[in-house]
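Structural overview for review
So you can see what is in the structure, the chains are spelled out below.
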Amino acid sequence: MLYRGLKTLSDEEFDPTDAESVQVCLDAHISDALRKIPTHHRSPLDLHDTIIVVLGNRADSDLLDWAESFQDLINTYGGNPSEEDMDQAAEVLESIIDTLGSYLPNKESADE
Amino acid sequence: MNSHSQLILRIVQTRFRRAGLDWAHLQESAREVVVFGSHAAGVNRKGSDMDVLVVEDAAQMKNARLEVRSRAQMKRGGLDLVRMSAAEIESAEWLGSELASHIAVYGLWLIGPDEWRDRVQISTNAGDKKERHLLSLARSVDAHWWRLHPCFHQKYRSTIRRELQRLLLLRNAIPIPPTRILDFNWYVDGSGVESLLSKAAGQAGLRGNLDHISRILSTCTKETKNKQAKASALQWCPPSTSLWLTRARELLRAQD
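As the structure is a prediction and not an experimental result, all values here were calculated from the model. (Residues numbered from 1 in each chain as written. Chains lettered and ligands numbered in written order. Predicted model: local features only at pLDDT ≥ 70, side-chain atom pairs only at ≥ 80, totals over all residues. Heavy atoms only, no water.)

A short note on the pattern of salt bridges
Residue and element names in this part refer to chain B.
- Applying the stated criterion across every chain, the model contains 17 salt bridges over all chains.
- Here E56 and R83 are joined by a salt bridge, their closest N and O atoms 3.0 Å apart. In this pair, E56 sits in strand β2 (residues 50-56) while R83 sits in strand β3 (residues 79-85), placing the two residues 27 residues apart along the sequence.
- In this structure R83 comes out as partly exposed when scored by relative accessible area, which is 28%.
- R171 is paired through a salt bridge with E131; the nearest N and O atoms lie 3.0 Å apart. With R171 in helix α10 (residues 150-171) and E131 in helix α9 (residues 124-144), this residue pair connects regions lying 40 residues apart in the sequence.
- One continuous salt-bridge network, built from bridges that share partners, spans E98, K130, E163 and R166. (Salt bridge = Lys/Arg side-chain N within 4 Å of Asp/Glu carboxyl O. Helix = DSSP H or I, 4+ residues; strand = E, 2+ residues; numbered from the N terminus. Buried < 20%, exposed > 50% of the residue type's maximum accessible area, 1.4 Å probe, protein only.)

Focus: the domain arrangement of chain B
All names here are of chain B.
- Here chain B is described as being made up of domain 1 (3-119) and domain 2 (124-255).
- Facing 16 residues of domain 1, the contacting portion of domain 2 comprises 17 residues.
- Between domain 1 and domain 2 lies a buried interface of about 1400 Å² when both sides are counted; carbon and sulfur atoms form 60% of it.
- Summed over the three residues of domain 1 that lose the most area to domain 2, namely V43, E98 and Y106, the buried surface amounts to 46% of that side.
- One can count two salt bridges joining domain 1 with domain 2.
- Here domain 1 is connected to domain 2 by four residue pairs in polar contact (both at pLDDT 80 or more).
- Among the secondary structure elements, those contributing two or more residues to the side of domain 1 that touches domain 2 are α3 (38-41) and α8 (98-106).
- Tallying contributions element by element places α8 first for the side of domain 1 that touches domain 2, with five residues. (Domains from an automatic or database assignment. Contact = heavy atoms within 4.5 Å. Buried area = accessible area lost by both parts, 1.4 Å probe. Polar contact = N/O pair within 3.5 Å; in protein donor to acceptor, adjacent residues only side chain to side chain.)

Side note on the pairing of β2(B)
All names here are of chain B.
- Counting buried residues along β2, seven of its seven residues qualify, which places the element largely inside the surrounding structure.
- Judged by which residues are buried, β2 turns out to be covered on both faces: M50, V52, V54 and E56 on one side and D51, L53 and V55 on the other are all buried.
- The sheet contact formed by strand β1 (residues 32-36) and β2 spans five bridges and is antiparallel. Bridging across to β2, F36 finds its partner in D51. (Pairing = 2+ DSSP bridges.)

Quick notes on the packing of aromatic side chains
All names here are of chain B.
- Following the criterion strictly, the structure yields three aromatic pairs over all chains and no others.
- Here F16 and W23 contribute two aromatic rings whose centre-to-centre distance is 5.2 Å and whose plane-to-plane angle is 75 degrees, an arrangement assigned as edge-to-face. Side by side, F16 and W23 carry an identical accessibility label, which is buried.
- When the ring of W109 is compared with that of W116, the centres are 5.3 Å apart and the planes differ by 55 degrees; the resulting orientation is tilted.
- Overall, W109 belongs to the buried group, its relative accessible area being 14%.
- One aromatic cluster is present, built from ring pairs that chain together W94, W109 and W116. (Phe/Tyr/Trp six-rings, centres within 6.5 Å; stacked < 30°, edge-to-face > 60°.)

Next comes the structure, spelled out in structure tokens:
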């Protein structure tokens, strides 16, 4: 569910000129993922924490670094990331999706 | 350097070390290092990020793109860096920006002179930018509201309320205080969402565009009536911050 959500974010929703809407779409995908895996969290989860919830201790440190960096890139002070930051965020998102895909036994069906 | 600055300098050095960055190198290469945000104003919480502006020569900024791992390490080290070139700092766009006006009032210079501080003047463009940002955010949140987990509802109510407060301050050429002071004023003022929305309706750019904002904020009454939140907002203020709060209150009152 998270993999599919992030793919949609990357393919259809990622607007490099609008970091806020990227963040809102990301939160919507995190919400979808959390609906499938109930947690007791009362405060909003970021992508890093959501990956931990979804993958548990199988999540590798590169993936977690990328997740943390992605949120950081789209959330710079004042909500105005530079063009370069957003380009880097798009690259990092691709890496996250590729790595998440490698955890899926049946990636093709998740792609559909 | 006074004792507050010395304390901040020690914390910055520790955070740089924790983030794997070389403070000694920065001391030699940076033109300015300025701490801003909650730490500089003395209203930080435990775990608050340290916001630092680093001004460098354009040549040094070349190839300065942070690797993903360093960025993650910095975040974990509680460090939020804004890097700018000396030329950018001198630009009219920067001198009229929201962040420049915040740093000019609340910033703490650890390295370099604060030469541009007195030349900062909030521009109309800063308000316009904030307005576009707010409207885009509100539209997006409103469109996804039904999908967002309840834990995100409170986050976005607060974000949009704060952004609206910031916009009203910018329109009155008042530098934005750290978020904690903004929240403090919100709880102490207590005039609520309706009052905020009626002030917003007075803004030409927002008139006719308030639907999304008011839909999100109208579910906010619980927040304003939450005595516990109000009490904690009133309790956090240690005596050392009273000077900042007095200043912030004066600035905030000036908008009325």
